[in-house]
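Architecture at a glance
Take a look at the letters that make up each chain.
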Amino acid sequence: MGIVNTSRVKSPWILHYCTGGCNGCDIELLACLTPLYDVERFGILNIGNPKHADLLIVTGPVNWKNEQVLRNLFEQMPEPKLVMAVGACACSGGVFHNCYNTLGGIDKVIPVDVYVRGCAARPEAIIDGVVAALDKLGKRQ
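Residues numbered from 1 in each chain as written. Predicted model: local features only at pLDDT ≥ 70, side-chain atom pairs only at ≥ 80, totals over all residues. Heavy atoms only, no water.

Examining the packing of aromatic side chains
For the structure shown, the criterion picks out 0 aromatic pairs. Here K81 stacks its cationic end above the ring of F74, 4.1 Å away from the centre of that ring. (Phe/Tyr/Trp six-rings, centres within 6.5 Å; stacked < 30°, edge-to-face > 60°. Lys NZ or Arg CZ within 6 Å of the ring centre and 35° of its normal.)

Digging into the pattern of salt bridges
Tallied over the entire structure, the rule returns 4 salt bridges. The shortest N-O distance in the salt bridge between K81 and E79 comes to 3.8 Å. Judged by its relative accessible area of 55%, E79 is exposed. The shortest N-O distance in the salt bridge between E124 and R122 comes to 3.8 Å. When its relative accessible area of 43% is taken as the criterion, R122 is described as partly exposed. Within this structure, E28, R122 and E124 form a network of salt bridges that share partners. (Salt bridge = Lys/Arg side-chain N within 4 Å of Asp/Glu carboxyl O. Buried < 20%, exposed > 50% of the residue type's maximum accessible area, 1.4 Å probe, protein only.)

A closer look at the UniProt feature "domain: NADH:ubiquinone oxidoreductase-like 20kDa subunit" (unreviewed entry) in the protein chain
The UniProt feature table records "domain: NADH:ubiquinone oxidoreductase-like 20kDa subunit" (unreviewed entry) at residues 22–132. Here residues 22–132 is 30% helix and 19% strand, with 25 Å between the C-alpha atoms at its ends. (UniProt positions renumbered as here; feature names shortened; annotations may be inferred. Helix = DSSP H or I, 4+ residues; strand = E, 2+ residues; numbered from the N terminus.)

Structural notes on helix α2 (residues 24–31)
In terms of residue burial, α2 counts as a mostly covered element, since 6 of its 8 residues are buried. When we look at burial in α2, the residues that qualify are G24, C25, D26, E28, L29 and A31.

Observations concerning the environment of I47
Position of I47 relative to the elements: it lies in strand β2 (residues 45–47). As a C-alpha pair, I47 and H16 span 31 residues in sequence and 7.8 Å in three-dimensional space. Beyond its immediate chain neighbours, meaning those up to four positions away, I47 contacts W13, I14, L15, H52 and A53. (Contact = heavy atoms within 4.5 Å.)

As structure tokens, this is what we get:
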């Protein structure tokens, strides 16, 4: 394993994209950055550029308006890339399941590596999901 691949496992850069919903999972995801959980001490950085991201974290159900944006973000990420669905809405559509304007969970649009269930998903569960994703990333290399 080279230095770049080791860096990805030890210090992942995360891109967060909200496809809609109630924003409860977004609040819990941002709580991971607060001093109580402080995931940045482990080298995890929240960035805004998909070209630098190792892990795409998606919250909310996919609808017709943001389907192409989600695909574009996924395609812009360099290999190896991981996707994590956070919350019931991102996993299966949640309370928006079978609504006329939603497609359901994000796995209807892009492949998902890790599912973090809950409404809203707790910060501890989100951190466990990131660790599970990094475990998959380490095994791919």
